[in-house]
Amino acid sequence: MAEVKPVIEESWGNVLKEEFNSEYFAKLKKFLIEEKSNYRIYPPGPQIFSAFNHTPFGRVKVVILGQDPYHGKGQAHGLCFSVPEGIRLPPSLQNIYKEIENDLGVKMPVKGTLTGWAKQGVLLLNATLTVRANIAGSHQNNGWEEFTDAAIRQLSAKRTGLVFLLWGNYARAKEQLIDHTKHHILKAPHPSPFSANRGFFGCGHFSKTNDILKNQGKEMIYWENL
């Protein structure tokens, strides 16, 4: 099978090389080509692997897991929960900001891009990396989950002391991929307006994450630095 060469940061390209050359990824690529020929797909092609490109494998300190990219025009840019500058903050991101303010006492900026987190070592990974415009979940079960599960397994196996933030049932299902003896797992309900009041508000995950990093002698995350 011919080698697939995606636009992805070198260290991740090396770690995930077998995935890119797998049969399921070839099928996924074919699916995406067909989808793009018939529909508008988000995020734009060069941004599909943004989570990996902003946060090289060896620099990951924290992992936040999402499910799907946003499916509205101009929202998705390859980082879970994040939107480009100038785009209105989605409800879940608004609730994330509220919890940071309550937890840390810092005022969050009004912009919605989380690239500043990614550059500090927060891997903002959706389980599915693409979506058809205006149809949530439309690219699920076509291979992306297998690919992103492999990324989580590689982090679990080859890194130590990472903090995994699992929000909601979908993200918590990924716990089985993570070695509990090597990493830290913090769980809470999803920040969506439908569930944030059930325990996301008050979870304290942002201060807890920094405490864990500090105890390991690592630089803490400046959550207000977007």
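For the structure given in this document, a descriptive report is provided here. Not measured: the values here are computed from a predicted model.

Focus on the overall build of the protein
The helix and strand inventory of the protein stands at nine helices and six strands. A compact globule built from 226 residues should have a C-alpha radius of gyration of about 17 Å, and the protein, at 17 Å, falls within 12% of that. For the C-alpha atoms alone, the extent of the protein along its principal axes is close to 50 × 35 × 25 Å. Here the protein, with 226 residues, has 55% of them falling under the buried criterion. Excluding contacts between residues fewer than 6 apart, the proportion of contacts in the protein whose partners are at least 24 apart in sequence is 66%. Counting only carbon and sulfur atoms, one obtains 49% of the accessible surface of the protein, whose full area is about 10,800 Å². Averaging the positions of the 27 positive and the 21 negative side-chain charges in the protein gives two centres separated by 3 Å.

Concerning helix 3 (residues 23–38)
With 16 residues, helix 3 extends 23 Å between its outermost C-alpha atoms, agreeing within 8% with the 22 Å of an ideal straight helix rising 1.5 Å per residue. Those residues of helix 3 lying buried are Y24, F25, L28, F31, L32 and E35. One side of helix 3 carries all its buried residues, which in axial view fall inside an arc of 115°. Along helix 3, exposed side chains directed more than 90 degrees from the buried face belong to E23, K27, K30, I33 and S37. Looking at the buried residues of helix 3, the elements they touch are helix 2 (17–20), strand 1 (41–42), strand 4 (131–132) and helix 7 (144–158).

Section: the nonpolar core
Grouped together as the largest cluster of nonpolar side chains are 65 residues, with contacts concentrated most on W12, F49, F52, I64, I96, W117 and F147. Residue contributions to this core peak at six residues, all from helix 7. What I96 contacts, discounting residues up to four positions off in sequence, is F81, W117, W167, P191, F200 and F206.

What about helix 9 (residues 205–215)?
Every buried residue of helix 9 is listed here: H205, F206, T209, N210, I212 and L213. For helix 9, the arc enclosing every buried residue in end-on projection is 160°, short of the 170-degree limit, so these residues lie on one face. Within helix 9, the exposed residues directed more than 90 degrees away from the buried face are K214 and N215. Contact partners of the buried residues in helix 9: strand 2 (62–66), helix 5 (91–104), helix 6 (115–120), strand 5 (163–167) and strand 6 (184–188).

Some details on the pattern of salt bridges
For the coordinates displayed, the defined rule picks out five salt bridges. Linking K111 and E85 is a salt bridge whose minimum nitrogen-to-oxygen distance equals 4.0 Å. In this pair, K111 sits in the loop between helix 5 and helix 6 while E85 sits in the loop between strand 2 and helix 5, placing the two residues 26 residues apart along the sequence. Classification of E85 as exposed rests on a relative accessible area of 56%.

Things to note about the pairing of strand 3 (residues 122–126)
Working note: regular strand, side chains alternate between the two faces of the sheet. The buried fraction of strand 3 is high, at five of five residues. Here strand 3 shows a buried face lined by V122, L124 and N126 and a second buried face lined by L123 and L125. As defined by bridge partners, strand 2 adjoins strand 3 across five bridges and the pair is classed as parallel. In the sheet register, L65 faces strand 3, and the bridge partner there is L125.

Focus: unusual backbone geometry
Following Y42, the chain continues to P43 via a peptide bond in cis, the omega torsion being -10°. Within the fold, P43 resides in the loop between strand 1 and helix 4 (50–54). If you check the backbone angles, F81 has positive phi at about 70° while not being a glycine. Positionally, F81 belongs in the loop between strand 2 and helix 5. Among the residues examined, F81 registers a relative accessible area of 10% and is labelled buried. In the Ramachandran plot, N134 falls in the positive-phi region, its phi being about 70° despite a non-glycine side chain. By the secondary structure assignment, N134 is in the loop between strand 4 and helix 7. A relative accessible area of 59% places N134 in the exposed class.

Quick notes on the rules
- Residues numbered from 1 in each chain as written.
- Predicted model: local features only at pLDDT ≥ 70, side-chain atom pairs only at ≥ 80, totals over all residues.
- Heavy atoms only, no water.
- Helix = DSSP H or I, 4+ residues; strand = E, 2+ residues; numbered from the N terminus.
- Rg over C-alpha atoms; globule rule 2.2 N^0.38 Å.
- Buried < 20%, exposed > 50% of the residue type's maximum accessible area, 1.4 Å probe, protein only.
- Contact = heavy atoms within 4.5 Å.
- Areas by Shrake-Rupley, 256 points an atom, 1.4 Å probe, with all protein chains shown as cover.
- Lys, Arg positive; Asp, Glu negative; His and termini not counted.
- Charge placed at Lys NZ, Arg CZ, Asp CG, Glu CD.
- Expected span 1.5 Å × (residues − 1).
- Arc of directions from axis to C-beta.
- Core = buried A, V, L, I, M, F, W, Y, C linked by side-chain atoms within 4.5 Å.
- Salt bridge = Lys/Arg side-chain N within 4 Å of Asp/Glu carboxyl O.
- Pairing = 2+ DSSP bridges.

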